[in-house]
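Structural features, examined
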Amino acid sequence: MKRAAIFLSVGLLSLGLVSRAQQAQPAGSSPWSADITAIRRTAALIPGRKASRINVLKFAESHRTKNFSVKGEPASPSVQARTVFQVVYPDGYVMVDAGMDEPMHKQIGRGAEEPYFADQARQVDKALRGARAIIFTHEHGDHVTGVIRTPYLAELAPKTILTRAQVRTLETTPQFPDLRITEEQAQRYHIIDYDRYMAFAPGWTLIKAAGHTPGSQMMFIALDSGRDYLLIGDAAWHMDSVRKVSGKDAPWIVEDTAAVGDQLKWLNALSKTESNLVIVASHDDDEHKDLVARKLLGGKLE
Ligand SMILES: [Zn+2]
Ligand SMILES: [Zn+2]
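In this numbering scheme, every chain counts its residues from 1 along its sequence in written order. All chains are assigned letters beginning with A, and all ligands numbers beginning with 1, in the order in which they are written. Totals for whole chains, interfaces and linings use every residue, but because this is a predicted model, local features are given only for residues with pLDDT of at least 70 and side-chain atom pairs only at 80 or more, for both listing and counting. As a rule here, side-chain values come from all non-hydrogen atoms in the structure, and water together with hydrogens is ignored.

**Notes on the overall build of the protein chain**
- Along its length, the protein chain carries 13 helices and 11 strands.
- The atom set for the radius of gyration is the C-alpha atoms, and the globule formula is 2.2 Å times the number of residues raised to the power 0.38. Over its C-alpha trace the protein chain gives a radius of gyration of 19 Å, about what one expects of a compact globule, namely 19 Å for 302 residues.
- Each principal axis of the C-alpha distribution contributes one length, and for the protein chain these read about 60 × 45 × 45 Å.
- Under the scheme applied here, a residue whose accessible area is under 20% of the maximum for its type counts as buried, over 50% as exposed, and between as partly exposed, the area being computed with a 1.4 Å probe on protein chains only. In the protein chain, buried positions account for 53% of the 302 residues.
- Pairs of residues are marked as contacts when any of their non-hydrogen atoms sit within 4.5 Å. Expressed as a percentage of contacts within the protein chain between residues at least 6 apart in sequence, the contacts between residues at least 24 apart total 70%.
- Approximately 14,300 Å² of the protein chain is accessible, and the part contributed by carbon and sulfur atoms is 55%. Labels follow the DSSP assignment, with helices taken as runs of H or I lasting at least four residues and strands as runs of E lasting at least two, numbered in each case from the N terminus. To measure how exposed things are, a 1.4 Å probe is used in the Shrake-Rupley method; for residues, cover is taken only from the protein chains shown.

And the structure:
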């Protein structure tokens, strides 16, 4: 054990990782890391047919220049897609994220007049009502409002799965006051907690990834076809952040930048070594259009 620890620290030192990680981390927190082999192993823990496909639906847009999403990029026009994802199994589907109503869209837009697609928003509500479960990449308003301020609360809450970290943010430091819930209200939802990885469904691993928010998690999903997906939520707003290992530069968002930096490095490495893995960022409109065109994502909910 001791020998292994010494071997490991020598290995890390020789890569220059220890000193860099120590500098980058705020006191008391440890560097973020994840292991794709352990994640794949976890995804195989629950028996059953894997999901057959993943759909994406855009219900609104924010128009923000590229420099906010990717530090160092020019202030060129860029569309942030507001989205939900639907993971379809042979006997039902799970929704990833729940969208938001138009008032929250306006609040997030901070005064800007930006498109909100009422038809698509209705499709999101319909899909939430038909889902077996609803789970979240993180606790920001554009992802969770659909299960917090909704006429269908009584119906949706029992199948809404929030992590303890997500609940903690919503109770103590919500992105907007309207999102605040009490512990009593939290008890209507299905609350889970786990350490690093959790087997969630056949082929599906939840990956703890605090950084963008304390309750952020990534989702590894292996499809029946053999293709693997990694839904990364808002770890990157645009995949150029992964390609360039350059995070956001948005003053209105407070992140653990060291943890997000570790995540971008990990994702960048995966994008080079895992040719069968499709990494999907929640808001990258360019990427979604490309993946839908290549039939790697479905472009509508079912
Ligand atoms: Zn977010
Ligand atoms: Zn978001």
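Anyway, onward from the coordinates.
**Some thoughts on the confidence of the model for the protein chain**
- How sure the predictor is of each residue is captured by pLDDT, a score from 0 to 100. Confidence in the prediction of the protein chain, expressed as mean pLDDT, is 92, and 90% of residues score 70 or more.
- Within the model, pLDDT remains below 50 along residues 1-25, and this stretch shows 11 contacts once partners closer than five positions in the same chain are excluded.

**Thoughts on the coordination of the zinc ion (ligand 1)**
- Any N, O or S atom lying within 2.8 Å of the metal counts as a donor, and for Na, K and Ca the limit rises to 3.2 Å; water is left out, so some sites can look incomplete. Within the protein, the atoms that donate to the zinc ion (ligand 1) are His138 (NE2), His140 (ND1), His212 (NE2) and Asp234 (OD), at distances of 2.1 to 2.4 Å.
- Square planar and octahedral sites, with four and six donors, are those where opposite donors lie more than 155 degrees apart and all other angles lie between 65 and 115, tetrahedral sites have four donors with every angle between 85 and 135 degrees, and the rest are irregular. One can describe the site at the zinc ion (ligand 1) as irregular: its 4 donor atoms subtend angles covering 87 to 170° at the metal.
- In this structure, the zinc ion (ligand 1) is positioned 3.3 Å from the zinc ion (ligand 2), and both are ligated by Asp234. Note that His138 is positioned in the loop between strand S4 (133-135) and helix H7 (141-148) and His212 in the loop between strand S8 (204-208) and strand S9 (217-222), a separation of 74 residues in sequence.

**Side note on the sheet that holds strand S5 (residues 160-163)**
- Paired strands, in this sense, are two strands between which DSSP finds at least two bridges. Taken in spatial order, the 6 strands of this open sheet run S1-S2-S3-S4-S5-S6, and their pairing is mixed. Sheet topology places strand S1 (53-63) and strand S6 (190-192) at the edges, where each strand pairs with a single neighbour. Between one strand axis and the next, the sheet turns by 25° as a mean value, whatever way the strands run.
- Inspection of the sheet shows S1 paired to strand S2 (residues 79-89) by 10 bridges, in the antiparallel sense. Its bridge partner being in S2, Ala60 is matched across the sheet by Arg82.
- To define axes, lines are fitted to C-alpha atoms, for helices over the stretch in contact only, and angles between the resulting N-to-C directions are given on a 0 to 180 degree scale. Across the sheet, helix H9 (residues 164-172) lies against S5 and S6, angled at about 85° from S5, the strand it touches most.

**Re the pattern of salt bridges**
- A pair is scored as a salt bridge if a Lys or Arg side-chain nitrogen falls within 4 Å of a carboxyl oxygen belonging to Asp or Glu. Following the criterion strictly, the structure yields 22 salt bridges and no others.
- Of the charged contacts in the structure, one is a salt bridge between Glu73 and Lys244, with a shortest N-O distance of 2.7 Å. Placement of Glu73 in the loop between helix H4 (66-69) and S2 and of Lys244 in helix H11 (residues 240-244) is noted, with a sequence separation of 171 residues between them.
- A cluster of three or more residues bridged by salt bridges with shared partners is formed by Lys66, Glu73, Asp240, Arg243 and Lys244.

**Observations concerning the nonpolar core**
- For our purposes a nonpolar core is just a set of buried Ala, Val, Leu, Ile, Met, Phe, Trp, Tyr and Cys residues, chained together by side-chain atoms within 4.5 Å. Among the nonpolar cores identified, the biggest contains 34 residues, and Met95, Ile134, Val147, Ile148 and Tyr189 are the most heavily contacted of them.
- Per-element accounting of this core gives the leading share, 4 residues, to helix H6 (residues 118-130).
- When residues no more than four places from it in sequence are discounted, the contact partners of Ile148 are Leu153, Leu170, Asp178, Leu179, Ile181 and Tyr189.

**Details of the packing of aromatic side chains**
- Stacked, edge-to-face and tilted labels apply to pairs of Phe, Tyr and Trp rings (six-membered ring for Trp) whose centres lie within 6.5 Å, assigned for plane angles under 30 degrees, over 60, and everything in between, in that order. The final tally for this structure, using the stated rule, is 5 aromatic pairs.
- Measuring from ring centre to ring centre gives 6.3 Å for Phe59 and Tyr116, while their planes differ by 75°; the resulting arrangement is edge-to-face. Here the residue Phe59 occupies a position in strand S1, and Tyr116 occupies one in the loop between helix H5 (102-108) and H6, the gap between them amounting to 57 residues.
- For Tyr116, a relative accessible area of 18% translates into the label buried.
- Measuring from ring centre to ring centre gives 4.8 Å for Phe200 and Trp204, while their planes differ by 70°; the resulting arrangement is edge-to-face. Summarising the burial analysis for this pair, Phe200 and Trp204 share the class buried.
- In this scheme, Lys NZ or Arg CZ marks a charge over a ring once it lies within 6 Å of the ring centre and within 35 degrees of the ring normal. Residue placement shows Lys208 over the ring face of Tyr194; its charged tip is 5.2 Å from the ring centre.
- When the ring centre of Trp237 is taken as origin, the NZ or CZ atom of Lys248, which lies over that ring, is 5.4 Å away.

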